[in-house]
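# Coordinates in review
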Amino acid sequence: MSLSALQEIERARVIHSYARFPVEFVRGEGARLWDADGAEYLDFLCGISVTNIGHCHPRVVAAVQQQLQQVSHACFQVTPYESYVALAERLNAIAPGPTPKKSILFSTGAEAVENALKIARYHTRRSAVVAFSGGFHGRTLATMTLTGKVQPYKAGFGPLLPEVFHVPYPMAYHGVTPQHCLAAIEQLFKADVEPARVAALIIEPVLGEGGFYIAPPEFLRSLRALCDRHGIVMIADEIQSGFARTGRMFALEHAGIEPDLMTLAKSIAGGLPLSAVVGKAEIMDAPPPGGLGGTYAGSPLACAAGLAVLDVIAEERLLERAQQLGARLITRLKALQAKYSAIGEVRALGAMVAMELVKNGSAEQPDADLTRALVQAAARHGLIILSCGVYGNVIRFLAPLTISDALLGEGLDRLDAALAEVSEAPTAATA
Ligand SMILES: Cc1ncc(COP(=O)(O)O)c(C=O)c1O
């Protein structure tokens, strides 16, 4: 079926969604995707951070094929199976910190966040939650409430969950300091909710959808201390920042602290729907049997894929590779920044890399139009990238950690060409 025929049928039969690329991918391998006409694209998005080990990694394909020939579904809450338990054991072992851990598996990121919140509430017998402006935690009723952005996630979908309070997230480029954010929490505890009523504080160590702003390690350590002081469960949402993306298995490790609970999804299973809550055993064990779970949660196929993903990360030394890729990207993006005045800032934690596009070199003048145009131009040049950010002006780079230097360089050449196409004129420095 042609792409235009597919789009026409889609418009009639599927509810409208948001702007997407006018391309249908029919094959993927590593960092490359192909459309039905055989045109090749380089993927610097990984389906929004899902295929950190590349498309159709042979280890994942083999593991899922084998599992499919054995048993495809058993419903863990009815009959346990080995791959679920084996994956839980490995997640417990890699979770940051010395406290004994337990895990529970689900299917989507939002489900993991919902359940982390349920666990925190049950454990503390408290109800309120502190979350961050610009944070993204999902689209279910509870998680959209935690999400710190009204449009398009919350407006019209209320009433929202009560007792969720948002405080600012540090954004150095926009002058929002960690001190400002900590003061906002103290103010919240004075003006709106006593800390003894707060069940959880949830934070992405690096904002994902919110724009790849990186929480400074000392800020995360201050939050850890604050949670300890008040008996608040600290939830690290590592759904976008986890699984080797930042050069550590989890981004919070850069701060050297142990979260109470951690939510995982996206790259956990190389493209199969799988998510998890991993946390301190004592907290995880609080809810009663049957209080958490789901029919498909931790499906055998996804668990088989998850075990293969962990093997690939270790065997292909992807933590190290993420650091190298991040350094290469930053070097090249800084060179592009010298060439294109619209690039206001480039930033990275490992291979979680972003550039922020602005007008007149001013952080206060985000250029969302240019960002949108660049995403489309890049696609025309055969490069898949995506925007993010509270102002819609950040390009995120999430190339597979298995990408070769040559393909990374080629992708950045395509980015350069796309930037040239959408920029009015290169700056005088290199013109
Ligand atoms: C940090 C974070 N948390 C939660 C979610 C929600 O995950 P899902 O879309 O699988 O429900 C996302 C998705 O982008 C995310 O980036």
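Look a little higher up for the structure.
A brief structural summary. (Residues numbered from 1 in each chain as written. Predicted model: local features only at pLDDT ≥ 70, side-chain atom pairs only at ≥ 80, totals over all residues. Heavy atoms only, no water.)

The next point concerns the nonpolar core. Leu201, Phe243, Leu261, Met355, Leu374, Phe397 and Leu415 are the most contacted members of the largest nonpolar core, which has 140 residues in total. Per-element accounting of this core gives the leading share, 11 residues, to helix H10 (residues 300-315). Residues contacting Leu415, with those up to four places away along its chain left out, are Leu333, Leu336, Met355, Leu374, Leu383, Ile385 and Phe397. (Core = buried A, V, L, I, M, F, W, Y, C linked by side-chain atoms within 4.5 Å. Buried < 20%, exposed > 50% of the residue type's maximum accessible area, 1.4 Å probe, protein only. Helix = DSSP H or I, 4+ residues; strand = E, 2+ residues; numbered from the N terminus. Contact = heavy atoms within 4.5 Å.)

We now examine the side chain of His57. Assignment of secondary structure puts His57 in the loop between helix H2 (46-49) and helix H3 (58-70). By relative accessible area, His57 is classed as buried at 10%. Apart from the residues within four sequence positions on either side, His57 is in contact with Val312 and Glu316.

A few words now on the packing of H3 against H10. For the pair H3 and H10, the least separation of the axes is 8 Å and the interaxial angle reads 155°. The orientation of H3 with respect to H10, classified from their angle, is roughly antiparallel. Here the hand of the crossing between H3 and H10 comes out right-handed. Mapping the contact onto sequence places Arg59, Val60, Ala63, Val64, Gln67 and Leu68 in H3 and Pro300, Leu301, Ala304, Ala305, Ala308, Val309, Asp311, Val312 and Glu315 in H10. (Axes fitted to C-alpha atoms, helices over the stretch in contact; angles between N-to-C directions. Parallel < 35°, antiparallel > 145°, perpendicular 65-115°, else oblique. Left-handed = near helix turned anticlockwise from the far one by under 90°.)

What follows deals with the sheet that holds strand E9 (residues 261-264). What the 7 strands build is an open sheet, ordered E4-E10-E9-E8-E7-E5-E6; its pairing is mixed. Across the chains shown, the open sheet's two edge strands, defined by having one partner strand only, are strand E4 (101-106) and strand E6 (164-167). Between one strand axis and the next, the sheet turns through 20° on average, direction left out of account. Sheet strands in contact with helix H4 (residues 82-94) are E4, E9 and strand E10 (275-280), and its direction is about 130° off that of E4. (Pairing = 2+ DSSP bridges.)

Before going further, it helps to examine the environment of Glu209. Along the polypeptide, Glu209 turns up in the loop between strand E7 (198-203) and helix H8 (217-230). Judged by relative accessible area, which is 18%, Glu209 ranks as buried. Between the C-alpha atoms of Glu209 and Cys388, which are 179 residues apart in sequence, the distance is 5.2 Å. Setting aside anything within four residues of it in sequence, one finds Glu209 in contact with Ile48, Phe136, Tyr153, Glu204, Gln240, Cys388, Gly389 and Arg396.

Between helix H11 (residues 318-339) and helix H13 (residues 405-422), the least distance of the axes is 11 Å, while the angle of their chain directions is 25°. The angle between H11 and H13 places the two elements in the roughly parallel class. The interaxial crossing formed by H11 with H13 has right-handed handedness. Each of Arg321, Leu325, Arg328, Leu329, Arg332, Leu333, Leu336 and Lys339 in H11 lies in contact with H13, whose residues at this interface are Asp405, Leu408, Gly409, Leu412, Asp413, Leu415, Asp416 and Leu419. For the contact of H11 with H13, the residue count by class is 8 nonpolar, 1 polar and 7 charged. (Nonpolar A, V, L, I, M, F, W, Y, C, P; charged D, E, K, R; others polar.)

A few words on the sheet that holds strand E12 (residues 352-357). If you trace the 4 strands from one edge of the open sheet to the other, you get E11-E12-E15-E14, paired in antiparallel fashion. The strands lining the two open edges of the sheet, one partner per strand, are strand E11 (343-349) and strand E14 (386-388). In this sheet, adjacent strand axes meet at a mean angle of 30° when their direction is disregarded. Of the strand pairs in this sheet, E11 and E12 are connected by 6 bridges, and their pairing is antiparallel. Bridging across to E12, Glu345 finds its partner in Glu356. The strands touched by H11 within the sheet are E11, E12 and strand E15 (394-397), with E11 carrying the most contacts at an inclination of about 175°.

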